[in-house]
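Each chain is listed here by its residues.
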Amino acid sequence: MATQTVTLDGDTDWSGFRHEARTLLARQIPPEDVVWHTRASAAGDLFASDDPAFDPASVEDASSSRRSGAHVGASASVVPPAFVRLCETVVLHEDPSRFGLLYRLLWRLVHERGLRNDPLDADRVHAQHMAQAVRRDMHKMKAFVRFRSIVEAGNPEPVHVAWFEPVHHIVEAVAPFFVRRFTQMRWVILTPERSLRWEPAGASGTSGTVEGALSFGPGARRQDAPPADAGEALWLTYYQNIFNPARLKLAMMQKEMPRRYWRNLPEAELITPLTIDAMARSGRMIEAPPTVPARRIEVVESLASPASLSLIPEETQLSADPVEALAQLKDATQRCRECPIGAHATQSVFGEGPVRAALMVVGEQPGDQEDLRGRPFVGPAGQLFDRAIADLGWPREALYVTNAVKHFKFELRGKRRIHKTPAQQEVAACLHWLESEKAQVQPQALVALGATAARALLGRPVAVMKERGQWHTDAQGRQVLVTLHPSALLRADPAQHEEAYGAWLRDLALASSLIHAAA
Ligand code: URA
């Protein structure tokens, strides 16, 4: 029999492989008579518009329809679904012999009934190893992509650009992860083989799609990615501060973060000096006297609480300039691990607004969007809050907006991060940050949005529905207006939304005189 040459459309042409394999099998062509090739990736402009836009909803559809292809080779009864899933992953491996291996396995599955009961068969083991390598590469890409932000001409929204060098053909397969994880950000991931660009729904300067659009482009070069930015300096400081010399396990670290990824990780340049210093630092940690546990519940009377100061480097005094002091406190919250929430969040979300704002607005904790963007009230609850203050004629720039808890607490459901109400101990552990913010801003009055904020500010449980729309007095004699959290309105029955919104505005309006007097 003459050798058959099959040319697939590209390195990840799973449906082409499935179609060709099925045809070859039907024609009884044995694997040794088939040579597999892939066409080189099409060249073209980066992000050329002839690439189909990538709809995140279709990601799921595409993979589920691929899943349903259990009849890859012959019929569903012949090929186990697990084999189809294995093929989907192995196809992404960089080894050019993968298609030959998969077709051989398919052929043998059909012709050697004993194969499915032999997990140690050399072809099966080889394919399993390849799948494992692909999964590992996908995991590394999710963990080690580092974005740097740039501003493009004609678009005020920054775009976050990352450079990554995967080993295997995984870029398209990992794309849905980044779409879900960074849905609201504009981002680009450049790799030598393929590039991705995500424009969130309604992003300015784009066609303003409803769902957001993912486009694929050809490969790029390392130098196409932007140089380090200020955000990276913050990340390096953060990395340096969370590096715990007593926990240093070099072998484990290199296993989790192989050296080949180091050159694209900004923190990698810190690893060697920090490692060298680790012995000395852990010696100092062992010899140091025990630290005083962070204060929990009581309200601080002093201007800046000792617990906040303990996370500000010893050699640094809290600045006398409140703008500078707030920046120091903000920086220190990044390192806060006084409760478990901080370890899981992307970053802390500190308050923002003018340092001598007359009114401080306090929410519960950052949500998913706030956690990703590092700013309070920028997600759905923040949008409703913005609508309310616009209706009241309060400029947001006049308010100091913050939260009782500085990190996002969530529960993972599938790939989604679902908000979880912070426990009372977590709110109490975070209280000194809020106290420090109050001490610096010295607002004339505060607005508590919801029960968590009200309890943190008043130091007692608050029945929001009963006590809303009234001024209360905190331990320092400041006035605190209690009202609903905007999320409560978002959850309200749509039929009652406008009425609930009107009542909420009436509550908030009690603080209007402070804004207008300050203007
Ligand atoms: N909910 C809050 O309480 N705060 C935020 O910043 C966002 C949502």
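The structure this text deals with has already been given above.
Rules behind the numbers
- Residues numbered from 1 in each chain as written.
- Predicted model: local features only at pLDDT ≥ 70, side-chain atom pairs only at ≥ 80, totals over all residues.
- Heavy atoms only, no water.
- Helix = DSSP H or I, 4+ residues; strand = E, 2+ residues; numbered from the N terminus.
- Buried < 20%, exposed > 50% of the residue type's maximum accessible area, 1.4 Å probe, protein only.
- Areas by Shrake-Rupley, 256 points an atom, 1.4 Å probe, with all protein chains shown as cover.
- Near = heavy atom within 4 Å.
- Polar contact = N/O pair within 3.5 Å; in protein donor to acceptor, adjacent residues only side chain to side chain.
- Nonpolar A, V, L, I, M, F, W, Y, C, P; charged D, E, K, R; others polar.
- Contact = heavy atoms within 4.5 Å.
- Pairing = 2+ DSSP bridges.
- Axes fitted to C-alpha atoms, helices over the stretch in contact; angles between N-to-C directions.
- Right-handed = clockwise from strand over helix to strand, strands pointing away.
- Salt bridge = Lys/Arg side-chain N within 4 Å of Asp/Glu carboxyl O.
- Expected span 1.5 Å × (residues − 1).
- Parallel < 35°, antiparallel > 145°, perpendicular 65-115°, else oblique.
- Left-handed = near helix turned anticlockwise from the far one by under 90°.
- 1 Å grid on protein atoms, 1.4 Å probe; cavity = no way out; pocket = protein on both sides within 12 Å on 5 of 7 lines; lining within 4 Å.
- Points joined across faces, edges and corners; volume = space filled by probe spheres on them.
- Phe/Tyr/Trp six-rings, centres within 6.5 Å; stacked < 30°, edge-to-face > 60°.
- Lys NZ or Arg CZ within 6 Å of the ring centre and 35° of its normal.
- Disulfide = S-S within 2.5 Å.

K.L.:
Would you mind showing me how to read the overall build of the protein chain here?
P.N.:
Within the protein chain one finds 21 helices and 14 strands. Residues classed as buried in the protein chain amount to 49% of the 519 residues present. Accessible area for the protein chain stands at about 25600 Å²; split by element, carbon and sulfur atoms hold 55% of it.

K.L.:
Help me understand the site of the ligand, please; the structure alone is not making it clear to me.
P.N.:
Taken together, Gly363, Glu364, Gln365, Pro366, Gly367, Glu370, Pro376, Phe377, Asn403 and His485 make up the full set of residues near the ligand. Contact distances for the ligand include 2.7 Å between an oxygen atom and a backbone N or O atom of Glu364. Between an oxygen atom of the ligand and a side-chain N or O atom of His485, the distance comes to 2.6 Å. A class-by-class count of the residues in the shell around the ligand yields three nonpolar, five polar and two charged.

K.L.:
Quick question: what am I supposed to make of the environment of Val464 here?
P.N.:
Tracing the backbone through its elements, the reader meets Val464 in helix 18 (residues 464-467). When its relative accessible area of 11% is taken as the criterion, Val464 is described as buried. On a C-alpha basis, the gap between Val464 and Ala451 in space is 5.9 Å, while along the polypeptide they are 13 residues apart. Each residue touching Val464, except ones within four places of it in the same chain, is listed here: Gly450, Ala451, Val482, Thr483 and Leu484.

K.L.:
Help me understand the pairing of strand 14 (residues 479-483), please; the structure alone is not making it clear to me.
P.N.:
Regular strands place their side chains on alternate faces of the sheet. Counting buried positions along strand 14 yields four of five residues, so the element is predominantly enclosed. With five bridges connecting them, strand 12 (residues 445-449) and strand 14 associate as parallel partners. Within strand 14, the residue paired with Val447 across the bridge is Leu481. Taking the residues between adjacent antiparallel strands as the criterion, strand 13 (residues 470-473) and strand 14 are bridged by five residues, where Gly477 takes a positive phi near 80 degrees.

K.L.:
It is not clear to me how the sheet that holds strand 6 (residues 194-199) should be interpreted in this structure. Could you clarify?
P.N.:
Sheet strands associate in pairs through backbone hydrogen bonding, adopting either a parallel or an antiparallel arrangement. Strand order in the open sheet formed by five strands is 3-4-5-6-7, and the pairing between neighbours is mixed. Single-partner strands in this sheet number two, and they are strand 3 (148-150) and strand 7 (213-218). Put simply, the sheet's adjacent strands are angled 20 degrees from each other on average, direction ignored. Where strand 6 and strand 7 come together, six bridges link them in antiparallel fashion.

K.L.:
Where do I start with the pairing of strand 2 (residues 34-38) in this structure?
P.N.:
Direction of pairing for strand 1 (residues 4-8) relative to strand 2: parallel, over a ladder of five bridges. Looking at strand 2, one finds that Thr7 is bridged to His37. The parallel pair strand 1 and strand 2, bridged by helix 1 (residues 14-26), forms a crossover whose chirality is right-handed.

K.L.:
Hey, could you run me through the environment of Glu88 in this one?
P.N.:
Looking at the secondary structure, you find Glu88 in helix 3 (residues 81-90). Overall, the relative accessible area of 7% leaves Glu88 in the buried class. Along the primary structure Glu88 and Trp14 are separated by 74 residues, whereas in three dimensions their C-alpha atoms are 6.6 Å apart.

K.L.:
Sorry, what's going on with the pattern of salt bridges here?
P.N.:
Pairing between side chains of opposite charge can happen when their charged atoms approach one another. A complete count under the given rule lists 25 salt bridges for this structure. Here Arg39 and Asp9 are joined by a salt bridge, their closest N and O atoms 3.1 Å apart. Pair noted here: Arg39 is in the loop between strand 2 and helix 2 (56-67) and Asp9 is in the loop between strand 1 and helix 1, with a separation of 30 residues, a long-range link. Glu199 is the salt-bridge partner of Arg186, the closest N and O atoms lying 2.9 Å from each other. Pair noted here: Arg186 is in strand 5 (residues 186-190) and Glu199 is in strand 6, with a separation of 13 residues, a long-range link.

K.L.:
Looking at this structure, I do not really get helix 16 (residues 424-441). What am I missing?
P.N.:
Given 3.6 residues per helical turn, the α-helix brings residues three or four places apart onto the same face. Relative to the 26 Å expected for 18 residues at 1.5 Å per residue, helix 16 spans 25 Å between its end C-alpha atoms, a close match to the ideal helical length. In terms of residue burial, helix 16 counts as a mostly covered element, since 16 of its 18 residues are buried. Positioned one or two residues after helix 16, Gln442 has a phi angle of 50 degrees, which is positive.

K.L.:
Please clarify how the packing of helix 15 (residues 380-392) against helix 20 (residues 497-509) should be interpreted in this entry.
P.N.:
Between two packed helices, both the angle of their axes relative to each other and the distance between the axes serve to describe the pair. Their axes nearest at 10 Å, the elements helix 15 and helix 20 cross at an angle of 60 degrees. Accordingly, the angle class assigned to the pair helix 15 and helix 20 is oblique. Taken as a pair, helix 15 and helix 20 cross one another with a handedness that is right-handed. Contacts between helix 15 and helix 20 involve Leu384, Phe385, Arg387, Ala388, Asp391 and Leu392 from the first element and His497, Glu498, Tyr501, Trp504, Leu505, Leu508 and Ala509 from the second.

K.L.:
How should empty space enclosed by the protein be read in this particular structure?
P.N.:
Empty space among the atoms becomes apparent when a probe as large as a water molecule is rolled across them. In the structure shown here, the tally under the stated rule is one cavity of 30 Å³ or more. In this model, the largest cavity occupies a volume close to 50 Å³. Looking at the lining of the largest cavity, the elements with two or more residues in it are helix 13 (341-344) and helix 16. Considering each element in turn, the lining of the largest cavity owes the most residues, three residues, to helix 16. Taken together, the residues that form the lining of the largest cavity break down as six nonpolar, two polar and one charged.

K.L.:
Help me understand the sheet that holds strand 8 (residues 359-363), please; the structure alone is not making it clear to me.
P.N.:
Taken in spatial order, the five strands make up an open sheet running 9-8-12-14-13, and their pairing is mixed. Of all strands in the sheet, those with a lone pairing partner are strand 9 (399-403) and strand 13, marking the two edges. With strand direction ignored, the average angle separating the axes of adjacent strands in the sheet is 25 degrees. Those strands touched by helix 16 are strand 8, strand 9 and strand 12, and its axis lies near 170 degrees from that of strand 9. Along the sheet, helix 20 contacts strand 12 and strand 14; its crossing angle with strand 14, the most-contacted strand, is approximately 180 degrees.

K.L.:
What exactly am I supposed to notice about the packing of aromatic side chains here?
P.N.:
Remark: the centre distance and the inter-plane angle together describe each pair of aromatic rings, the angle taken between the planes. Per the stated rule, a full pass over the model turns up 14 aromatic pairs. Plain terms: the ring middles of Phe377 and Phe385 are 5.6 Å apart, the flat faces sit at 40 degrees to each other, and that makes the pair tilted. Assigned by exposure class, Phe377 and Phe385 land together as buried. Grouped by ring-pair contacts, the aromatic residues Trp14, Phe17, Trp36, Phe99, Tyr103 and Trp107 constitute a single cluster. Over the aromatic face of Tyr501 sits the side chain of Arg387, whose NZ or CZ is 3.9 Å from the ring centroid. A cation over an aromatic ring shows up here: Arg417 above the ring of Phe410, its NZ or CZ 4.9 Å from the ring centre.

K.L.:
Honestly, the state of the cysteines in this entry has me stumped. Any pointers?
P.N.:
Formally, a disulfide is one covalent bond, and it connects the sulfur atom of one cysteine to the sulfur atom of another. Summed over the entire model, instances satisfying the criterion amount to zero disulfides. No disulfide involves Cys339; its sulfur sits 6.2 Å from the nearest other cysteine sulfur, which is in Cys430. We classify Cys339 as buried; its relative accessible area is 18%. The cysteine Cys430 is free of any disulfide, with Cys336 supplying the nearest cysteine sulfur at 5.9 Å. On the accessibility criterion, Cys430 (8% relative accessible area) is buried.

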